[in-house]
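Next come the chains, spelled out residue by residue.
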Amino acid sequence: MSDADVVDSSRLRQHKATALKILVVAALYYATARLGLLQQLVRGQVTPLWPPTGIAVAALLLFGMRIWPGIAVGALVVNASIGPTVVSVLAIVVGNTVAPICSYLLLNRARFRNDLDRLQDALALIFLGALGPMMISATVGSSTLVLSGALPAGGFWPTWSVWWTGDAMGVMVVTPFLLVARRARWPHDVGLLIWAEAAALATCTLSVTYLVTNSASSSLLFLVFPFLVWASFRFERAGAAPCALGVSTLAILASGRMTGPFAHHDLLTNMVTLQAFNGTVSLTALLLTAVVTERNRTHEEIQRVCAQLADAVKRQETGGSRRAPPDA
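These remarks concern the structure in this document.

The rules behind the values
- Residues numbered from 1 in each chain as written.
- Predicted model: local features only at pLDDT ≥ 70, side-chain atom pairs only at ≥ 80, totals over all residues.
- Heavy atoms only, no water.
- Helix = DSSP H or I, 4+ residues; strand = E, 2+ residues; numbered from the N terminus.
- Buried < 20%, exposed > 50% of the residue type's maximum accessible area, 1.4 Å probe, protein only.
- Contact = heavy atoms within 4.5 Å.
- Phe/Tyr/Trp six-rings, centres within 6.5 Å; stacked < 30°, edge-to-face > 60°.
- Salt bridge = Lys/Arg side-chain N within 4 Å of Asp/Glu carboxyl O.

### Remarks on the side chain of threonine 175
Item 1. Structurally, threonine 175 can be placed in helix H7 (residues 156-183).
Item 2. By relative accessible area, which is 0% here, threonine 175 ends up buried.
Item 3. Leaving out residues up to four positions away in the same chain, threonine 175 has contacts with Gly54, Val57, Ala58, Leu61, Leu125 and Gly170.

Given below as structure tokens:
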């Protein structure tokens, strides 16, 4: 086989791998969108947490710009059945595709690292990945619904706020989970006590979250945060990201049922309560984990340097004693 044949074969494999990734991204986008729509609040297509956006941003960060067609295809399949007109569907698809791409480009410009092990990466994901670019999809989507007559003009800002926060929460909650899961490896050298602690953490976090989201007092929601601190300090990203996702999911389910702190309130009040809670949960998990990871990495580096200095001093003392002349 000639060198040209080898190159062509390699390119063909790369194209096949890219096509497979595009199909997987489109399938995940569609599947999670259908799950998200179970909690729709506005016109059957606006939800308090839109997981496909988090999947789209994570896919771009992991695989690069070449998988953007998967985002577009997934958005098209989802919106084709719920959009009011063909033009509005295409406009919403453009907004849902452009927003994650802008997130990816801004994060790349900020030299974002997928490990999420620095405070600057956590802040970049919040502001450059979630809050800023997601205004694009919210503006395009809400404007399209109003212009197509599917939404009254007075409903623009309520719809925009729900759309924006839903997309932003998708990035802040789902993207970190996927980035952590991508690098996760089955730990073979972890003791039984660590596994028991992890199981206790998961059980306590989900149990307390379920109880407080079904309690009439909204002040009890903050009982969840000690468990997020526990997860961040003991398990760093591998513990905080799944806990944040589980907490946010249970809170969204409670708001959909209008139980606990979400009972007897209108849509706007419930959304403010829900998104304030979910936003605080994701901020706590992202920022605290980044700080703890940086602290632990600095501590390990200091220990490594001290060990190197100790070895150097020991070698110097040993060498000096060997070169010393014998006593007369």
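### A word on the packing of aromatic side chains
Item 1. With the rule as written, the count across this model stands at six aromatic pairs.
Item 2. Judged by centre distance (6.1 Å) and plane angle (75°), the rings of phenylalanine 225 and phenylalanine 277 are edge-to-face. Placement of phenylalanine 225 in helix H9 (residues 225-257) and of phenylalanine 277 in helix H10 (residues 267-323) is noted, with a sequence separation of 52 residues between them. Neither phenylalanine 225 nor phenylalanine 277 differs from the other in exposure class; each is buried.
Item 3. Seen in terms of ring centroids, phenylalanine 227 and tryptophan 230 are 6.3 Å apart; in terms of plane orientation they differ by 40°. Their pairing is tilted. Of this pair, phenylalanine 227 and tryptophan 230 both sit in helix H9, separated by three residues, roughly a single helical turn.
Item 4. The partly exposed category is assigned to tryptophan 230, whose relative accessible area is 26%.
Item 5. An aromatic cluster of at least three residues, connected via ring pairs, comprises Phe156, Trp157, Trp160 and Trp164.

### Remarks on the pattern of salt bridges
Item 1. Within this structure, the stated rule accounts for five salt bridges.
Item 2. Residues glutamate 301 and arginine 304 are paired through a salt bridge, measuring 2.3 Å at the closest nitrogen-oxygen approach. Pair noted here: glutamate 301 and arginine 304 are both in helix H10, with a separation of three residues, about one helical turn.
Item 3. Counted as one network, the salt bridges with shared partners bring together Arg113, Asp117 and Arg297.

### Topic: the environment of proline 52
Item 1. Secondary-structure assignment places proline 52 in helix H2 (residues 51-63).
Item 2. On the basis of relative accessible area, proline 52 is assigned to the buried category, the value being 0%.
Item 3. Expressed as a C-alpha distance, the spacing of proline 52 and threonine 284, which sit 232 residues apart in the sequence, is 22 Å.
Item 4. Apart from the residues within four sequence positions on either side, proline 52 is in contact with Tyr29, Thr32 and Ala33.

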